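Each chain, letter by letter, is given below.
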Amino acid sequence: MASRILVASILVFSLLETCYGGVQFSTLKRTLLINASPKPGELLKAGDMVTVTWGLNQSLPAGIDDEYKNLKVKLCYAPISQKDRAWRKTVNNLSKDKTCQFTIVTRPYKASKENQSFKWAIERDVPTATYFVRAYAYNSAGEEVAFGQTTDSKKTTYLFDIQAITGRHPSLDIASVCFSAFSVVSLFGFFFMEKRKAKISQKN
Ligand SMILES: *[C@@H]1O[C@H](CO)[C@@H](O)[C@H](O)[C@H]1NC(C)=O
Ligand SMILES: *[C@@H]1O[C@H](CO)[C@@H](O)[C@H](O)[C@H]1NC(C)=O
Ligand SMILES: *[C@@H]1O[C@H](CO)[C@@H](O)[C@H](O)[C@H]1NC(C)=O
C-alpha cells in the first residue's frame, strides 16, 4: 500500500515536473521555416533593416500546427559570441536559456500556406556580436511547442554580424591621442617653467 502511494506520488511529481518545469528546447519540433535578409557573414549596424520571413514547413502532415497560438521571432547569439559569456549561455531549459535575448516580432500564429514577413530596424541596444534568427511557436498555455531557425542545428551556417554603434569612432580616438600628447607637452612645459622659476629665485 505504502509503496503504491510512493509510486503514485512519484508519478504525479514527475508529471508536474514535465508540465510546469519549463520547456526543454530538445523536445521542440523544428516545423517552422524562417529566412532573414542578411547574407551569411554580412555586417549590419543599428538602424539597418532586417526582413524576416516565416511559415510552416508545408511538407509536414496537416494539423501539426493545430495547437500553435502565437509566434515569436527572436535574434539569437551564435556560439562564437557566447564563448566565455555566461550571460548569453544556451540552456536546454528554455526558462533559463540566454541564447535569444532580442524579440524581433510577436504575432498571433496564422495557419496559412503563405509566408508571413516583418521588417525590423536593428535596435541601438543590440551589442556587437554574431547572430542568427529563431522563431518559436507557443500553445495557448504560453509554452514553446515548435521552432525554426535560419541556421543549422549546430548554429554555424547563415550567421551574420551586428556592429553596435556605441563603439568608439576612429576620429574620437585620434582626438584623444592628440589630447594626451597635448597634456604631456603641457605637463613638461609646466615642469620646466617651475624649474626655471626655482633657479631664478635661488640666484636672487
Ligand atoms: C527550468 O527552470 C525553471 C526556472 O528556473 C525551473 O523552475 C524548472 O524547474 C526548470 N526545469 C527543469 C526541468 O530543470
Ligand atoms: C520539411 O519537412 C520535411 C518532412 O519532415 C523534411 O524532410 C524537410 O527537411 C523539412 N524542410 C526543412 C527546410 O527543414
Ligand atoms: C515560404 O518560405 C519557404 C522558405 O524560405 C520557401 O521555401 C517557400 O517557397 C515560401 N512559400 C511561399 C508561399 O512563399
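That block above? That's the structure.
Overview of the structure. (Residues numbered from 1 in each chain as written. Chains lettered and ligands numbered in written order. Predicted model: local features only at pLDDT ≥ 70, side-chain atom pairs only at ≥ 80, totals over all residues. Heavy atoms only, no water.)

What to know about the packing of aromatic side chains
Alright, step 1. A complete count under the given rule lists five aromatic pairs for this structure.
Alright, step 2. Centre to centre, the rings of Y77 and F102 are 6.2 Å apart; their planes meet at 70 degrees, and the pair counts as edge-to-face. Separated by 25 residues along the polypeptide, Y77 in strand β5 (residues 70-77) and F102 in strand β6 (residues 102-108) bring together distant segments of the chain.
Alright, step 3. Pairwise contacts between aromatic rings join Y77, F102 and Y131 into one cluster. (Phe/Tyr/Trp six-rings, centres within 6.5 Å; stacked < 30°, edge-to-face > 60°. Helix = DSSP H or I, 4+ residues; strand = E, 2+ residues; numbered from the N terminus.)

Some points on the nonpolar core
Alright, step 1. Counting 29 residues, the largest nonpolar core has V73, L75, Y131 and V133 as the members making the most contacts within it.
Alright, step 2. Only β2 (32-36), β4 (49-56), β5, β6, β8 (129-138), β9 (144-149) and β10 (160-163) provide two or more residues apiece to this core.
Alright, step 3. Broken down by element, this core gets its largest block of residues, five residues, from β8.
Alright, step 4. By size, the runner-up hydrophobic cluster in this structure holds 11 residues, among which are L94, C100, Y138 and L159. (Core = buried A, V, L, I, M, F, W, Y, C linked by side-chain atoms within 4.5 Å. Buried < 20%, exposed > 50% of the residue type's maximum accessible area, 1.4 Å probe, protein only.)

Considering the site of ligand 2
Alright, step 1. What surrounds ligand 2 is the set L33, N57, S59 and L60.
Alright, step 2. A distance of 2.2 Å separates an oxygen atom of ligand 2 from a polar side-chain atom of N57.
Alright, step 3. For ligand 2, the protein covers 36% of the area, taking 360 Å² as the surface of the free molecule.
Alright, step 4. In terms of residue class, the shell around ligand 2 is built from two nonpolar, two polar and no charged. (Near = heavy atom within 4 Å. Polar contact = N/O pair within 3.5 Å; in protein donor to acceptor, adjacent residues only side chain to side chain. Areas by Shrake-Rupley, 256 points an atom, 1.4 Å probe, with all protein chains shown as cover. Nonpolar A, V, L, I, M, F, W, Y, C, P; charged D, E, K, R; others polar.)

Some thoughts on the pairing of β9
Alright, step 1. When you tally the buried positions in β9, you get six out of six residues, the bulk of the element.
Alright, step 2. Here two bridges tie strand β1 (residues 29-30) to β9, and the two strands are oriented parallel to one another. Bridged to K29 within β9 is A146.
Alright, step 3. Here five bridges tie β8 to β9, and the two strands are oriented antiparallel to one another. (Pairing = 2+ DSSP bridges.)

Section: the sheet that holds strand β7 (residues 116-121)
What holds strands together in a sheet is hydrogen bonding between their backbones, with the strands either parallel or antiparallel.
Alright, step 1. Taken together, the three strands give an open sheet; going across it, the order is β2-β4-β7, and neighbouring strands pair in antiparallel fashion. The outermost strands of the open sheet, each flanked by one partner alone, are β2 and β7. On average, each strand axis in the sheet is tilted by 20 degrees relative to the strand beside it, whichever way the strands run.
Alright, step 2. Where β2 lies against β4, five bridges are found, and the strand directions are antiparallel. Paired with L32 across the bridge in β4 is L56. (Axes fitted to C-alpha atoms, helices over the stretch in contact; angles between N-to-C directions.)

A short note on unusual backbone geometry
Alright, step 1. The phi torsion at D84 lies on the positive side, around 60 degrees, for a residue other than glycine.
Alright, step 2. Within the secondary structure layout, D84 lies in the loop between β5 and β6.
Alright, step 3. Using a relative accessible area of 72% as the deciding quantity, one classes D84 as exposed.
Alright, step 4. We note that Y158 has phi near 55 degrees; this positive angle belongs to a residue other than glycine.
Alright, step 5. With respect to the helices and strands, the residue Y158 is situated in the loop between β9 and β10.
Alright, step 6. Assessed through its relative accessible area of 55%, Y158 is described here as exposed.

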